[in-house]
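Structural overview for review
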Amino acid sequence: MPYKSQFIIIEDNLIDQFVTKKLLKKGLDINPAYIANNGKEGMNWILKNQNLNPLIILLDIQMPVMNGFEFLEEFDRLPEDVKEKIEIFVLSSTLDSDEIKKVKENKYVTDFWNKPFRLEILKNAFLSA
């Protein structure tokens, strides 16, 4: 049974995009998952698709143009009725404890997952509810 939320992957690495899309398809029957190559593309997609609900964002931290932290700052400026329909999961391979702490303390981030994440993590997050 397909998962009901729309998904957008905000990630600049093509391999990580591919792997994440495959995991979403295999684990949750998500097809399509939308792709944005940086935070600016992701924000533009959200602004054009505000009527979609609910929305799950899988957000990388380190990206060109607009990184994950800059994206979260822009996200804070969105209207409350848009933000309340969106959940953000940060996916990162960072080992920087300050970055991890900053992500986990952000009020808009539901969870932080290390890349590469496993299919079980995805299923536990979205199918156990």
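Reading the values: the criteria
- Residues numbered from 1 in each chain as written.
- Predicted model: local features only at pLDDT ≥ 70, side-chain atom pairs only at ≥ 80, totals over all residues.
- Heavy atoms only, no water.
- Helix = DSSP H or I, 4+ residues; strand = E, 2+ residues; numbered from the N terminus.
- Buried < 20%, exposed > 50% of the residue type's maximum accessible area, 1.4 Å probe, protein only.
- Pairing = 2+ DSSP bridges.
- Axes fitted to C-alpha atoms, helices over the stretch in contact; angles between N-to-C directions.
- Contact = heavy atoms within 4.5 Å.
- Arc of directions from axis to C-beta.
- Core = buried A, V, L, I, M, F, W, Y, C linked by side-chain atoms within 4.5 Å.
- Salt bridge = Lys/Arg side-chain N within 4 Å of Asp/Glu carboxyl O.
- pLDDT = per-residue confidence, 0-100.

**Some thoughts on the environment of Leu91**
- The residue Leu91 is located in strand β4 (residues 86-92) in this model.
- For Leu91, a relative accessible area of 4% gives the class buried.
- Taking C-alpha positions, Leu91 is 18 Å from Lys26, a pair spaced 65 residues apart along the chain.

**As for the sheet that holds strand β5 (residues 109-114)**
- On the basis of which strands lie adjacent, the open sheet formed by five strands has the order β2-β1-β3-β4-β5 and parallel pairing. Both edges of this open sheet fall to β2 (34-36) and β5, since each of them pairs with a single strand only. Neighbouring strand axes in the sheet, compared pairwise and without regard to direction, differ in orientation by 20° on average.
- With five bridges connecting them, strand β3 (residues 55-59) and β4 associate as parallel partners. Within β4, the residue paired with Leu55 across the bridge is Ile86.
- Against the sheet, helix α3 (residues 68-76) contacts β1 (6-10), β3, β4 and β5, and its axis sits at roughly 150° relative to β3.

**Brief notes about helix α6 (residues 119-127)**
- Leu119, Leu122 and Phe126 are the residues of α6 that are buried. An end-on view of α6 places all buried positions within 60° of arc, on one side of the element.
- Those residues of α6 hidden inside the fold are in contact with β1, α1 (14-28), β3, β4 and β5.

**Thoughts on the nonpolar core**
- In terms of nonpolar packing, the biggest core is built from 26 residues, with Ile46, Ile57, Leu59, Phe71, Phe75 and Ile88 touching the most fellow members.
- Taken together, the elements giving at least two residues each to this core come down to β1, α2 (39-48), β3, α3, β4, α5 (97-105) and β5.
- If you look at the next biggest cluster of nonpolar residues, it comprises 16 residues, including Ala33, Phe89, Leu119 and Phe126.

**Quick word on the pattern of salt bridges**
- Throughout the structure, instances matching the rule amount to eight salt bridges.
- Residue Asp29 pairs with Lys25 through a salt bridge whose shortest N-O separation is 2.8 Å.
- Residue Lys25 is classed as partly exposed on the basis of its relative accessible area of 38%.
- Residue Lys101 pairs with Glu105 through a salt bridge whose shortest N-O separation is 3.3 Å.

**Section: the confidence of the model for the protein**
- Residues of the protein with pLDDT of at least 70 account for 95%, and the chain-wide mean is 86.
- By mean pLDDT, α6 is the weakest element of the protein at 76, and α3 is the strongest at 95.

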